[in-house]
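Coordinate inspection notes
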Amino acid sequence: MAMENMKQFLFALSAAGAFGFVAIIFVLRWVLHFKEGLAWDGGLAEFNWHPVLIVTGFIFLQGIAIIVYRLPWTWQCSKLIMKFIHAGLNLAAFIFAIISMVAVFDFHNAAKIPNMYSLHSWLGLAAVILYGLQLVLGVALYLIPVTPVSWRAAFMPIHVYSGLFLFTSVIAVALMGITEKLIFGLSNPKYKDSPPEAIFVNVLGILLVVFGALVLWIATRTSWKRPSDQILHSLHTNRGSEDNSKAGPALSELAEGANPEADGDVRKRNSKSES
Ligand code: HEM
Ligand code: HEM
């Protein structure tokens, strides 16, 4: 990665981290300061686990999981280790999402509120189910050693597309949930009268959108992709005792070529270790 490019990467990464972190602070302040706090008692404090776990887990952890392969300081780790980290973070995000679902269903049942009536709940449940499917397929294709390399390569564009699509959908569903909750929850003064809670939580929505935009930006720059293991390996063996300053630019040039959209020759050479 050339120096100029590295600066841009670090800027995008720290901005994503900062927006994600502040979004978590905002959702906690929302439920702890403006709302009923957190508890597991069938009441509104139990409902509050729903937004908290979605923002910290399903949005923040999933965002980190998506960009974890892009961190240049992990490129000397083996691809297998990185796959475990990517899969582990996605699994953690899924567990947070499941607990957040249990919280809202339990609250609805205790309060005798009907289940699954809103567009938010339909799209939300669909996203969680498809995310579970993506997780199972990801493990089956990329962690189980017997899966043919040709299948891995063939499914990679679908895996990346559906991963980015799910991440975007989850943020959209969260925005619907936030809006619903503000309309239901604010009565005196109402949402339309812009009480402080409404402004504060609208800002939470904006933070989530910016976090999503930054993660998508990082995950779609081909020049920031992890170079394939094969290239890294040959670089190590060719380099001998040369210092890193010489390997740096070479690595960046090779990394540019290592993306699957690059010319066919590079793609053929790398397809084995790409996935
Ligand atoms: C309800 C999913 C984010 C607010 C629900 C239900 C599901 C769901 C499946 C229906 C529960 C039932 O019928 O018993 C999701 C998913 C989210 C998400 C997958 C993230 C992508 C949020 C956020 C909020 C929120 C951030 C903000 C407070 C609500 C509210 C309800 C609800 C108010 C009750 C009304 C309704 O059923 O639509 N959610 N939710 N949700 N959610 Fe979310
Ligand atoms: C890459 C999403 C689960 C293996 C990606 C990318 C996304 C993604 C968006 C593109 C990242 C990039 O271009 O830098 C997801 C989601 C998952 C999930 C949302 C869970 C719901 C898994 C699992 C595995 C896996 C369980 C198993 C190891 C991979 C591999 C890559 C990848 C090998 C290619 C990395 C590279 O280009 O160097 N995933 N993934 N994924 N994912 Fe997943």
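Bear in mind that the values here come from a model prediction, so they are computed numbers and not experimental data.

A word on the coordination of the iron atom of ligand 1
Under perfect tetrahedral coordination by four donors, a metal shows angles of 109.5 degrees; under perfect octahedral coordination by six donors, it shows angles of 90 or 180 degrees. Protein coordination of the iron atom of ligand 1 is provided by H50 (NE2) and H120 (NE2), with donor distances spanning 1.9 to 2.0 Å. Seen from the iron atom of ligand 1, its six donor atoms lie at angles of 87 to 180°, and the figure they make is octahedral. With H50 in helix α3 (residues 49-67) and H120 in helix α5 (residues 119-142), this residue pair connects regions lying 70 residues apart in the sequence.

Looking at the confidence of the model for the chain
For the chain, the mean per-residue pLDDT works out to 87, and 81% of the residues sit at or above 70. Across residues 239-274, where pLDDT falls below 50, the model places 49 contacts with residues more than four positions away in sequence or in other chains.

Side note on the pattern of salt bridges
Taken as a whole and assessed by the stated rule, the structure comprises two salt bridges. Among the salt bridges present, the one from K35 reaches E197, with a minimum N-O distance of 3.5 Å. Taken together, the residues span a long stretch of sequence, with K35 in the loop between α1 (3-34) and α2 (44-47) and E197 in helix α7 (residues 196-220) at a distance of 162 residues. This pair shows no difference in class: K35 is buried, exactly as E197 is.

Some points on the site of ligand 1
Taken together, the neighbourhood of ligand 1 is formed by 25 residues, with H50, N115, M116, S118 and H120 sitting nearest. One nitrogen or oxygen atom from the main chain of M116 is found 2.5 Å from an oxygen atom belonging to ligand 1. A distance of 2.8 Å separates a nitrogen atom of ligand 1 from a polar atom in the side chain of H120. Mapped by element, the contributors of at least two residues to the shell around ligand 1 are α3, α4 (79-110), α5 and α6 (149-185). Among the elements that line the shell around ligand 1, the one with the most residues is α6, at eight residues. Tallied by class, the residues present in the shell around ligand 1 amount to 15 nonpolar, eight polar and two charged.

Details of the site of ligand 2
Around ligand 2, the surrounding shell holds 23 residues, and the nearest of these are R70, K79, H86, H159 and K225. A distance of 3.1 Å separates an oxygen atom of ligand 2 from a polar atom in the side chain of K79. Within the side chain of K225, a nitrogen or oxygen atom sits 2.8 Å from an oxygen atom of ligand 2. Among the elements of the structure, α3, α4, α5 and α6 are those that each provide at least two residues to the shell around ligand 2. The dominant element in the shell around ligand 2, judged by the number of residues it contributes, is α5, at six residues. Among the residues making up the shell around ligand 2, the classes are represented as twelve nonpolar, seven polar and four charged.

A closer look at the coordination of the iron atom of ligand 2
Note on the iron atom of ligand 2: its protein donors are H86 (NE2) and H159 (NE2). The metal-donor distances range over 1.9 to 2.1 Å. Metal-centred angles of 85 to 179° between the six donor atoms at the iron atom of ligand 2 mark the site as octahedral. Highlighted residues: H86 in helix α4 and H159 in helix α6, separated in sequence by 73 residues. Taking relative accessible area as the criterion, H159 reaches 19% and is therefore assigned buried.

Here is what the cut-offs are and how they apply
- Residues numbered from 1 in each chain as written.
- Chains lettered and ligands numbered in written order.
- Predicted model: local features only at pLDDT ≥ 70, side-chain atom pairs only at ≥ 80, totals over all residues.
- Heavy atoms only, no water.
- Donors = N, O, S within 2.8 Å, 3.2 Å for Na, K, Ca; no water.
- Tetrahedral: all angles 85-135°; square planar, octahedral: opposite > 155°, others 65-115°.
- Helix = DSSP H or I, 4+ residues; strand = E, 2+ residues; numbered from the N terminus.
- pLDDT = per-residue confidence, 0-100.
- Contact = heavy atoms within 4.5 Å.
- Salt bridge = Lys/Arg side-chain N within 4 Å of Asp/Glu carboxyl O.
- Buried < 20%, exposed > 50% of the residue type's maximum accessible area, 1.4 Å probe, protein only.
- Near = heavy atom within 4 Å.
- Polar contact = N/O pair within 3.5 Å; in protein donor to acceptor, adjacent residues only side chain to side chain.
- Nonpolar A, V, L, I, M, F, W, Y, C, P; charged D, E, K, R; others polar.

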